[in-house]
Amino acid sequence: MKLLLAYYGDDFTGSTDVMEALQWAGPRTVLFLAPPTGEQLARFENLRAFGVAGWSRTMSVDEMETELRPVFEGLRESGAPIVHYKICSTFDSSPEVGNIGKALELGREVFGNHPVPVLVGAPVLGRYTVFGNLYARSGLDTEPYRLDRHPTMRQHPITPMDEADLRRVLQGQSRLSTALFDVLRLEDENPEARLDELLSLNPAALVFDVLRPAHLATIGPLIERMQPASAPLFAIGSSGMEYALTAGWEKSGRIASLRSHQGGRPEFAAVEQLLVMTGSCSPVNERQIDWALRNGFVGLALNPARLIDPETSEAEIAETIRKGLELAGKGASVILHSSRGPEDPRVTSTLAQYRKMGFSDLDLKLKNGRTLGPKLGRILKGMLEGRHFARAVVAGGDTSGYVARELGIVALEAIAPVAPGSPLCRMHAPGALDGMEIIFKGGQVGLKEIYETILKGTN
């Protein structure tokens, strides 16, 4: 089977989000932790799409240049007609960190100077773009907030968002021109003509509004219409990109010929015990931890300041594993947490330890996850090796990629939906962890009872 799409995710949990959007529609999709070889791709029969889980969301501009150029070149050579640079649906970025404008520039250099579609809204995730302005729910049970008034994003510790108009955000990150395919054009009787009018202006990027799920089936074919004749189409956006493409394939009747399997949204069974590692400071994750601890889970508070301190790190990791295994040995489902929310005093003490270690403001943005994440990964790996768990959860977009690499994961495949953007996955890894079930979820994703749902299953 020919590939339909290849993608690079700028953070780990967002990469699994794309995988599930395609997997439930029917095209088999596998997520790799490093650019796969042809031999690795060939191991997955009837593969229609693949991704590479990255972390450019927390990279400097120079680091993005080093990371992305060879990855984009490899994805170009894969033969996929669409190459997607997957970003967070809250457009997490700044001129200094995770610069999406830089990714736009690199993409045009590698794939050609053609207009790049930018689609960020994803109604299934509670993300909406209207007249270029991004709105997002804070968890699925709140009203949508304009991005610059969002309770989490306006005070995000790495990329605080003080602007909701995506065109203005991009203008602050790149000098390339940006146009808007707004909601009125989407609902025009001839959206193809409206697209051609905008493309005649040859913008570097074309931002698409999306307000309702019905808009996706219109946007998908418009994006495919933008593909140049002689090269893959380079696109930027959230998993809304895949939801739009699959909606278009459904509407046209093409989806049946593109499927590797039946598709649909499988249910999943309960497990006896769940292990959760969370490195998120999100208030959504705070509500989820609080609910779980009131409903039978047991918490183990981590000490991130000691974990990142070179003088205490090794002893703290070993002691945490010992305590965690002791709790798990009593049959409890355990949540290991580095924070209970943005007001947790551990946030302040960890920041003070970073300062003591000589971290500058920019270091804190670039190296926070890189420093703490591997420590959390070692703790989780020690517990998984010390006791059999059929299923585990990692929460926190900036944490997940580092934890996954500590676990030695080579690839992931989505096997059942849990919450939008957080599928239950099967690990492909060497050793005893091969075949284990795991969920990597963003800190802002899911309802308050999500951990109980993951424990008890859906069938």
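Residues numbered from 1 in each chain as written. Predicted model: local features only at pLDDT ≥ 70, side-chain atom pairs only at ≥ 80, totals over all residues. Heavy atoms only, no water.

Trainee: How do you make sense of the overall build of the chain when you look at a structure like this?
Mentor: Along its length, the chain carries 17 helices and 18 strands. Computed over C-alpha atoms, the radius of gyration of the chain comes to 21 Å, within 12% of the 23 Å expected from 2.2 N^0.38 for 459 residues, which places it in the range of a compact globule. Across the 459 residues of the chain, 61% fall into the buried class. Looking at the chain as shown, the accessible area adds up to about 17500 Å², and 49% of this sits on carbon and sulfur atoms. On the chain, the mean spot of the 49 positive side-chain charges and the mean spot of the 55 negative ones are 2 Å from each other. (Helix = DSSP H or I, 4+ residues; strand = E, 2+ residues; numbered from the N terminus. Rg over C-alpha atoms; globule rule 2.2 N^0.38 Å. Buried < 20%, exposed > 50% of the residue type's maximum accessible area, 1.4 Å probe, protein only. Areas by Shrake-Rupley, 256 points an atom, 1.4 Å probe, with all protein chains shown as cover. Lys, Arg positive; Asp, Glu negative; His and termini not counted. Charge placed at Lys NZ, Arg CZ, Asp CG, Glu CD.)

Trainee: Is there a simple way to think about the sheet that holds strand β6 (residues 127–130) in this case?
Mentor: Remark on secondary structure: sheet strands pair via backbone hydrogen bonds, oriented parallel or antiparallel. Ordered in space as β6-β7-β8, the 3 strands form an open sheet in which the pairing is antiparallel. Looking at which strands have only one partner, the edges of the open sheet turn out to be β6 and β8 (145–146). Summarising the sheet, β6 and strand β7 (residues 133–136) pair through 4 bridges and their orientation is antiparallel. The partner of valine 130 across the bridge, within β7, is asparagine 133. (Pairing = 2+ DSSP bridges.)

Trainee: Explain the pairing of strand β10 (residues 205–208) to me, please; I cannot follow it from the model alone.
Mentor: Each regular strand shows side chains that alternate between the opposite faces of the sheet. Side chains of β10 alternate between two faces, with Ala205 and Val207 and Leu206 and Phe208 buried alike. Of the strand pairs in this sheet, strand β5 (residues 116–119) and β10 are connected by 4 bridges, and their pairing is parallel. Residue leucine 119 lies in a different strand from β10, and its bridge partner there is phenylalanine 208. With 4 bridges connecting them, strand β9 (residues 178–181) and β10 associate as parallel partners. Paired with alanine 179 across the two strands is leucine 206, which belongs to β10.

Trainee: What is the right way to read the nonpolar core from this model?
Mentor: Side chains of a nonpolar character, in soluble globular proteins, are inclined to be buried together. If you look at the biggest cluster of nonpolar residues, it comprises 74 residues, and the most contacted ones within it are Phe208, Leu336, Leu384, Leu407 and Leu412. Ranked by residue count, the leading element in this core is helix α15 (residues 361–386), at 7 residues. Within the second largest apolar cluster, 44 residues are counted, among which are Leu75, Val110, Val120 and Leu134. (Core = buried A, V, L, I, M, F, W, Y, C linked by side-chain atoms within 4.5 Å.)

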